[in-house]
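Listed below, chain by chain, are the residues.
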Amino acid sequence: EIGIIAAVSFVVAFILAALAAYKHEAIERAMEKSFEAIGAMVGRKPILVVAVTLVLGAAISSGMAMQKAETDAAMLWVPRGSVSLDHNKYTKDSWSSGIAPTLVAVSPKEGGAN
């Protein structure tokens, strides 16, 4: 769903940018009138605009409370249903260990590395 919303937003923004770049008098007048109408509405009813913005923000961000953090690198970077996930599960089940995996980042003291 988020991909579709992002794609539609991108297409609308691209179309508006293309129309604005075209610099046709009718397009500029229409965009000017739409921004003027939005500004006039916000100027007439600022408390309503703030209230609606806060309610929409709270409604949209309410899903953040249900968010779960994934820390297993195999689940983050390996496609779901992959054979390597089955192998990983088999290995963990067969040879379980209380040792936590450690990630180490190494960088050279001097330049010359990619």
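The notes below deal with the structure included here. (Residues numbered from 1 in each chain as written. Predicted model: local features only at pLDDT ≥ 70, side-chain atom pairs only at ≥ 80, totals over all residues. Heavy atoms only, no water.)

### Things to note about the pattern of salt bridges
One pass over the full model with this rule turns up one salt bridge. Among the salt bridges present, the one from Lys 89 reaches Asp 93, with a minimum N-O distance of 2.9 Å. Within this pair, Lys 89 and its partner Asp 93 are both found in helix H5 (residues 83-94), separated by four residues, close to a single helical turn. Across this residue pair, the class does not change: Lys 89 and Asp 93 are exposed. (Salt bridge = Lys/Arg side-chain N within 4 Å of Asp/Glu carboxyl O. Helix = DSSP H or I, 4+ residues; strand = E, 2+ residues; numbered from the N terminus. Buried < 20%, exposed > 50% of the residue type's maximum accessible area, 1.4 Å probe, protein only.)

### As for the packing of aromatic side chains
On inspection of all chains with the given rule, the structure shows one aromatic pair. When the centroid spacing of 6.3 Å and the interplanar angle of 25° are considered together, the rings of Phe 10 and Phe 14 count as stacked. Remark: Phe 14 and Phe 10 occur in helix H1 (residues 2-22); sequence separation between them is four residues, near one turn of the helix. The exposure class assigned to Phe 14 is exposed, which follows from its relative accessible area of 54%. (Phe/Tyr/Trp six-rings, centres within 6.5 Å; stacked < 30°, edge-to-face > 60°.)

### Remarks on a negative patch on the surface
Together, Glu 25, Glu 28, Glu 32 and Glu 36 make up a region of like negative charge exposed at the surface. Its location among the elements puts Glu 25 in helix H2 (residues 25-44). Its relative accessible area of 53% is what places Glu 25 among the exposed residues. (Patch = residues over 30% accessible without salt bridge, like charges linked within 9 Å, V, L, I, M, F, W, Y side chains within 5 Å. Areas by Shrake-Rupley, 256 points an atom, 1.4 Å probe, with all protein chains shown as cover. Lys, Arg positive; Asp, Glu negative; His and termini not counted. Charge placed at Lys NZ, Arg CZ, Asp CG, Glu CD.)

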